[in-house]
Amino acid sequence: MRILLASEEITATPEEGSLVFTRHLCRWLAARHDLTVVHALGESEDGFRSLRLLSRRTFLSRGLVQILRQERFDLVLYLPSSGLTPPGLIRGLLLRAAAGSPLFVFALQDRRIGALHATISRFARPEKVFTPVPGLRSALDGIGVPNDVVLPGCDDAVFVPVEPARKAALRRKYDLPADRWIVLHVGHVKESRNLQVFLRWRDWGSDILPVVKSGGTEAGWASRLRRAGVIVIDEYLPDMHELYQLADCYLFPVLAPRGALECPISVIEAAACGLPVAATPIVALPDIVESGRGFARVEGAADLPAVFARFRASPTRPSAPVRDLSWRSVFSRFLEPHLAAIAAGGERG
């Protein structure tokens with residue numbers, strides 16, 4: 001099939017969850033289909049046709065409309081960077097109209113589905129919206145928008161547990177102490193991610209060391225964490241999996257529903273590396289891991305000392321097994337049947 005994928009930003013060096021998702025979706029599609037990607041920001045990796053034609057100011061640019069008139073695409077995919085807001089829905093529907101092709105939209109973050117969404121959907125709607133957010137799926141059901149689930153994944157070739165000798169070598173590589181129990185967090189350093197819990201890390205235990213890998217920093221927050229003694233890594237790391245492999249525990253403290261993906265890629269990657277995970281209730285853990293050992297839900301900072309003590313009491317116990325959530329498996333399971341239906345002439349509005 002000839003597929004057009006539109007997203008406001010793509011990059012070959014992603015650090016944000018939605019950009020990681022987009023990169024791996026592009027790779028998977030390009031290996032199976034004739035893929036063209038249009039975007040407004042960033043640079044893509046090799047392996048598929050990439051055109052900077054998506055406008056940051058208007059819903060459709062003149063160059064994009066010209067491409068859509070000259071070429072025939074069997075399917076349009078749209079990944080709005082801001083989630084399924086009314087403007088994002090409108091842009092997707094205009095892409096479909098200009099291309100004359102079915103439209104799939106990916107909504108990776110929780111967004112309120114309100115009266116404007118409902119009004120727009122009375123006149124036109126995507127063939128399918130894919131989202132990992134159960135509440136968003138229910139809201140879309142309420143306004144009659146077809147939807148299905150999709151989950152993020154991880155690169156199962158590199159996100160794997162390592163032996164103690166390898167962990168020690170990685171700590172030397174990154175100049176981190178061998179004798180500390182490292183609690184890792186990966187993601188944006190900003191107010192909405194509840195990083196205040198790291199300011200009280202000295203309550204967690206005398207030999208614990210918090211490490212935060214930033215995928216983007218809000219003014220003042222990195223300095224605030226560093227002044228509190230937290231190690232903050234804010235440069236791009238091509239081998240991100242190594243940070244998980246050198247750590248002892250992963251902490252996901254986000255409380256605000258819009259502070260992160262509901263199924264955070266970092267939690268999947270940490271679990272795939274065998275780390276015990278402490279996570280707040282916004283994380284859809286049942287969709288990410290098998291129930292069992294090595295996971296704890298935390299409501300706030302007061303829960304953390306006891307949770308870490310419990311993890312440390314069983315240091316050889318692995319985290320609960322991750323379901324088969326390699327990118328290959330995720331896209332084959334959740335998307336391939338719908339792509340096959342489009343190729344066969346189904347799922348058209």
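Above: the structure in question.
Worth saying up front: this structure is predicted, and the values here are computed from it rather than measured.

Trainee: I tried to follow the sheet that holds strand S4 (residues 75-79) on my own but got confused; where do I start?
Mentor: Sheet strands associate in pairs through backbone hydrogen bonding, adopting either a parallel or an antiparallel arrangement. As summarised here, the arrangement of the seven strands in space is S3-S2-S1-S4-S5-S6-S7, forming an open sheet in which the pairing is parallel. The two strands at the open ends of the sheet, each matched to only one other strand, are strand S3 (49-51) and strand S7 (147-149). For this sheet the average axis-to-axis angle between neighbouring strands, irrespective of direction, equals 20 degrees. Here three bridges tie S4 to strand S5 (residues 103-106), and the two strands are oriented parallel to one another.

Trainee: Quick question: what am I supposed to make of the packing of aromatic side chains here?
Mentor: Aromatic ring pairs are described here by two measures, namely the spacing of the ring centres and the angle between the planes. For the structure on display, the rule yields twelve aromatic pairs. Connected via pairs of aromatic rings, a cluster forms that spans Phe21, Trp28, Phe104, Phe106, Phe130, Trp327 and Phe331. Over the ring of Phe73 we find Arg2; its NZ or CZ atom is 4.8 Å from the centre of that ring.

Trainee: Quick question: what am I supposed to make of the nonpolar core here?
Mentor: If you look at soluble globular proteins, the nonpolar side chains tend to sit buried side by side. In terms of nonpolar packing, the biggest core is built from 61 residues, with Leu5, Phe21, Leu25, Leu29, Phe106, Tyr244 and Tyr250 touching the most fellow members. Among the nonpolar cores identified, the runner-up in size contains 26 residues, and Leu4, Phe73, Ala99 and Ile120 belong to it.

Trainee: What exactly am I supposed to notice about the pairing of strand S1 (residues 2-9) here?
Mentor: The element S1 is largely enclosed, with a buried count of six among its eight residues. Pairing analysis gives seven bridges linking S1 to strand S2 (residues 34-41), with the strands arranged parallel. Of the residues in S2, the one forming a bridge with Ala6 is Val38. Of the crossover connections in this fold, the one passing from S1 over helix H1 (residues 17-30) to the parallel S2 is right-handed.

Trainee: Whenever I open this one, the packing of H1 against helix H12 (residues 327-334) confuses me. Can you help?
Mentor: How two helices sit against one another is set out by the angle between their axes and by the gap between those axes. Two numbers describe how H1 lies on H12: the axes approach to 10 Å, and their chain directions differ by 75 degrees. Taken together, H1 and H12 sit at an angle that is classed as roughly perpendicular. Across the interface between the two elements, Val20, Phe21, His24, Leu25 and Trp28 from H1 touch Trp327, Arg328, Phe331 and Ser332 from H12. Residue composition of the contact of H1 with H12, grouped by class: six nonpolar, two polar and one charged.

Trainee: When you look at the state of the cysteines in this model, what are you seeing that I'm missing?
Mentor: Between two cysteines, a covalent bond joining their sulfur atoms is known as a disulfide. Inspection of every chain in the model, using the stated rule, returns zero disulfides. As a non-bridged cysteine, Cys273 has Cys154 as the owner of its nearest cysteine sulfur, 7.8 Å distant.

Trainee: I'm lost on the pairing of S4 in this one. Help?
Mentor: Look at any regular strand and the pattern is simple: side chains alternate between the two faces of the sheet. Within S4, five of the five residues are buried, leaving the element largely enclosed by the surrounding structure. Here S4 shows no split at all, with Leu75, Leu77 and Leu79 on one side and Val76 and Tyr78 on the other all buried. As defined by bridge partners, S1 adjoins S4 across five bridges and the pair is classed as parallel. Pairing of Ser7 across the sheet is with Leu79, part of S4. On the question of chirality, the crossover connecting S4 to the parallel S5 by way of helix H3 (residues 86-99) is right-handed.

Trainee: Can you help me understand the environment of Arg32 in this one?
Mentor: Assignment of secondary structure puts Arg32 in the loop between H1 and S2. Under the relative-accessibility criterion, Arg32 is labelled partly exposed at 38%. Along the chain, Arg32 and Met1 lie 31 residues apart, while their C-alpha atoms are 8.4 Å from each other. Beyond its immediate stretch of four places on either side in the chain, Arg32 contacts Arg328 and Glu336.

Trainee: What exactly am I supposed to notice about the side chain of Ser266 here?
Mentor: As for its placement among the helices and strands, Ser266 is situated in helix H9 (residues 265-272). For Ser266, a relative accessible area of 9% corresponds to the buried category.

Trainee: Quick question: what am I supposed to make of helix H11 (residues 304-313) here?
Mentor: Since the α-helix turns once every 3.6 residues, residues separated by three or four places project in the same direction. Those residues of H11 not exposed but buried are Leu304, Val307, Phe308 and Phe311. Buried residues in H11, looked at end-on, bunch into an arc of 95 degrees, giving them a common side. Exposed residues pointing more than 90 degrees away from the buried face of H11 are listed as Ala306 and Ala313.

Cut-offs and rules
Residues numbered from 1 in each chain as written. Predicted model: local features only at pLDDT ≥ 70, side-chain atom pairs only at ≥ 80, totals over all residues. Heavy atoms only, no water. Pairing = 2+ DSSP bridges. Helix = DSSP H or I, 4+ residues; strand = E, 2+ residues; numbered from the N terminus. Axes fitted to C-alpha atoms, helices over the stretch in contact; angles between N-to-C directions. Phe/Tyr/Trp six-rings, centres within 6.5 Å; stacked < 30°, edge-to-face > 60°. Lys NZ or Arg CZ within 6 Å of the ring centre and 35° of its normal. Core = buried A, V, L, I, M, F, W, Y, C linked by side-chain atoms within 4.5 Å. Buried < 20%, exposed > 50% of the residue type's maximum accessible area, 1.4 Å probe, protein only. Right-handed = clockwise from strand over helix to strand, strands pointing away. Parallel < 35°, antiparallel > 145°, perpendicular 65-115°, else oblique. Contact = heavy atoms within 4.5 Å. Nonpolar A, V, L, I, M, F, W, Y, C, P; charged D, E, K, R; others polar. Disulfide = S-S within 2.5 Å. Arc of directions from axis to C-beta.

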